Amino acid sequence: MSTARDEILQALRANRPTPENHPLPPVATLGDLDASRERFITSLRILGGDVLEPVEGETLDQAILRRHPDARMICSNVPEAKGTLPVEKVKTPQDAATIDVTVVRAPFGIAEMGSIFLSEAQLPINSFAHLGQHIVVLLAADQLTANMHTAYQERPEFKTANYGVLMSGPSATADIQGVLIRGAQGVRSLSVWFT
């Protein structure tokens with residue numbers, strides 16, 4: 001039995017313009033074109049994120065436990081980390097809320113903002129990257145782009161994803177007195193593991 005919501009969403013999907021019929025406008029290449037790992041790390045750290053640097057001979061699972069020694073529920077959506085909770089068991093936001101550490105791979109990062117991009121291709125459910133306590137993101141250094149302009153021009157994910165999110169560190173909020181609280185409405189920490 002289909003609901004009115006389902007019918008509306010189905011009509012929207014069926015009538016969505018295709019890039020061939022409605023090409024996106026060209027974007028000017030603006031700003032600093034430095035897409036270096038160093039620039040990404042500097043920006044990431046300014047926004048409260050960090051890099052999970054491997055110790056010689058250490059696996060990703062060992063590095064995660066070193067960074068988060070009290071973590072019991074580690075859910076990995078990448079083959080490089082086993083975790084303790086199979087990703088197949090995360091079917092609802094309530095399941096994701098029990099996760100201590102979420103492990104995902106970002107298809108690319110934006111150096112200017114220290115941001116990583118995630119979409120439905122990396123997340124089994126939308127809330128997977130937001131409801132756990134901490135997130136570890138695998139990112140290839142050669143998949144960094146300089147800024148939003150170059151990301152929009154160069155990255156196919158902007159055109160193929162049904163939705164996407166840019167994460168630039170842990171969730172944060174500040175009040176009028178300038179008191180900054182990290183992890184207020186989402187993950188308490190974001191760590192990038194370069195592959």
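Residues numbered from 1 in each chain as written. Predicted model: local features only at pLDDT ≥ 70, side-chain atom pairs only at ≥ 80, totals over all residues. Heavy atoms only, no water.

Engineer: Is there a simple way to think about the overall build of the protein in this case?
Structural biologist: Broken down by element type, the protein carries six helices and 12 strands. Over its C-alpha atoms the protein spans a radius of gyration of 18 Å, differing by no more than 12% from the 16 Å that the globule rule assigns to 195 residues. Considering only C-alpha atoms, the protein reaches an extent of 50 × 50 × 45 Å along its principal axes. Here the protein holds 195 residues, and the buried ones make up 39% of them. Long-range contacts, defined as pairs at least 24 residues apart, comprise 71% of the intrachain contacts of the protein with a sequence gap of at least 6. For the protein, the exposed surface amounts to about 11200 Å²; the carbon and sulfur share of it is 55%. Here the protein holds 17 positive side-chain charges and 22 negative ones, and the gap between their average locations is 4 Å. (Helix = DSSP H or I, 4+ residues; strand = E, 2+ residues; numbered from the N terminus. Rg over C-alpha atoms; globule rule 2.2 N^0.38 Å. Buried < 20%, exposed > 50% of the residue type's maximum accessible area, 1.4 Å probe, protein only. Contact = heavy atoms within 4.5 Å. Areas by Shrake-Rupley, 256 points an atom, 1.4 Å probe, with all protein chains shown as cover. Lys, Arg positive; Asp, Glu negative; His and termini not counted. Charge placed at Lys NZ, Arg CZ, Asp CG, Glu CD.)

Engineer: Just checking my understanding: could you explain the packing of aromatic side chains for this structure?
Structural biologist: For any pair of aromatic rings, geometry is given as the distance between the ring centres together with the angle between the planes. Tallied over the full model, the rule gives five aromatic pairs. Geometrically, the ring pair formed by phenylalanine 40 and phenylalanine 194 is edge-to-face, given 5.9 Å between the ring centres and 80° between the ring planes. Of the two residues, phenylalanine 40 sits in helix H2 (residues 37-46) while phenylalanine 194 sits in strand S12 (residues 189-194), which places them 154 residues apart along the sequence. The two residues phenylalanine 40 and phenylalanine 194 agree in class, both being buried. Ring pairs connect the aromatic residues Phe108, Phe117, Tyr152 and Phe158, which therefore count as one cluster. Cation over ring: arginine 37 sits above phenylalanine 194, and NZ or CZ is 4.2 Å from the ring centre. We note lysine 159 situated over the ring of tyrosine 152; from NZ or CZ to the ring centre the distance is 5.4 Å. (Phe/Tyr/Trp six-rings, centres within 6.5 Å; stacked < 30°, edge-to-face > 60°. Lys NZ or Arg CZ within 6 Å of the ring centre and 35° of its normal.)

Engineer: Would you explain the sheet that holds strand S7 (residues 134-139) in this entry?
Structural biologist: Either a parallel or an antiparallel arrangement is found when strands of a sheet pair, and the pairing is made through backbone hydrogen bonds. An order of S1-S12-S7-S4-S2-S3 is seen for the six strands of this open sheet, with the pairing classed as parallel. Single-partner strands in this sheet number two, and they are strand S1 (50-51) and strand S3 (85-86). In this structure, S1 lies alongside S12, joined through two bridges in parallel fashion. Paired with valine 51 across the bridge in S12 is valine 192. In this fold H2 packs onto S1, S7 and S12, with an angle of close to 170° to the strand it touches most, S12. (Pairing = 2+ DSSP bridges. Axes fitted to C-alpha atoms, helices over the stretch in contact; angles between N-to-C directions.)

Engineer: Explain the side chain of serine 189 here, please?
Structural biologist: Tracing the backbone shows serine 189 in strand S12. Of note is the side chain of serine 189, whose polar atom sits 2.6 Å from the side chain of histidine 134. (Polar contact = N/O pair within 3.5 Å; in protein donor to acceptor, adjacent residues only side chain to side chain.)

Engineer: Mind showing me how you'd approach the nonpolar core here?
Structural biologist: Soluble globular proteins: nonpolar side chains tend toward being buried together. Formed by 29 residues in total, the largest nonpolar core has its most connected members in Phe40, Ile116, Leu118, Phe128, Ile135 and Met167. Contributions of two or more residues to this core are made by H2, strand S6 (115-119), S7, strand S9 (164-167) and S12. Core analysis: the second largest hydrophobic core is formed by 13 residues, Leu52, Ala63, Ile74 and Val101 among them. (Core = buried A, V, L, I, M, F, W, Y, C linked by side-chain atoms within 4.5 Å.)

Engineer: Explain H2 here, please?
Structural biologist: Turn by turn, an α-helix covers 3.6 residues, leaving residues three or four places apart pointing in a common direction. When H2 is considered as a whole, its buried residues turn out to be Arg39, Phe40, Ile41, Ser43 and Leu44. Summarising the contacts, the buried residues of H2 are in contact with S1, strand S5 (109-110), S6, S7, strand S8 (144-145) and S12.

Engineer: For this particular structure, what's the right way to read the pattern of salt bridges?
Structural biologist: Once their charged atoms are close, side chains differing in charge can pair, the charge on each being opposite to the other. One pass over the full model with this rule turns up seven salt bridges. Of the charged contacts in the structure, one is a salt bridge between aspartate 6 and arginine 5, with a shortest N-O distance of 4.0 Å. Classification of aspartate 6 as partly exposed rests on a relative accessible area of 33%. Through salt bridges that share partners, Arg45, Asp50 and Arg67 make up one connected network. (Salt bridge = Lys/Arg side-chain N within 4 Å of Asp/Glu carboxyl O.)

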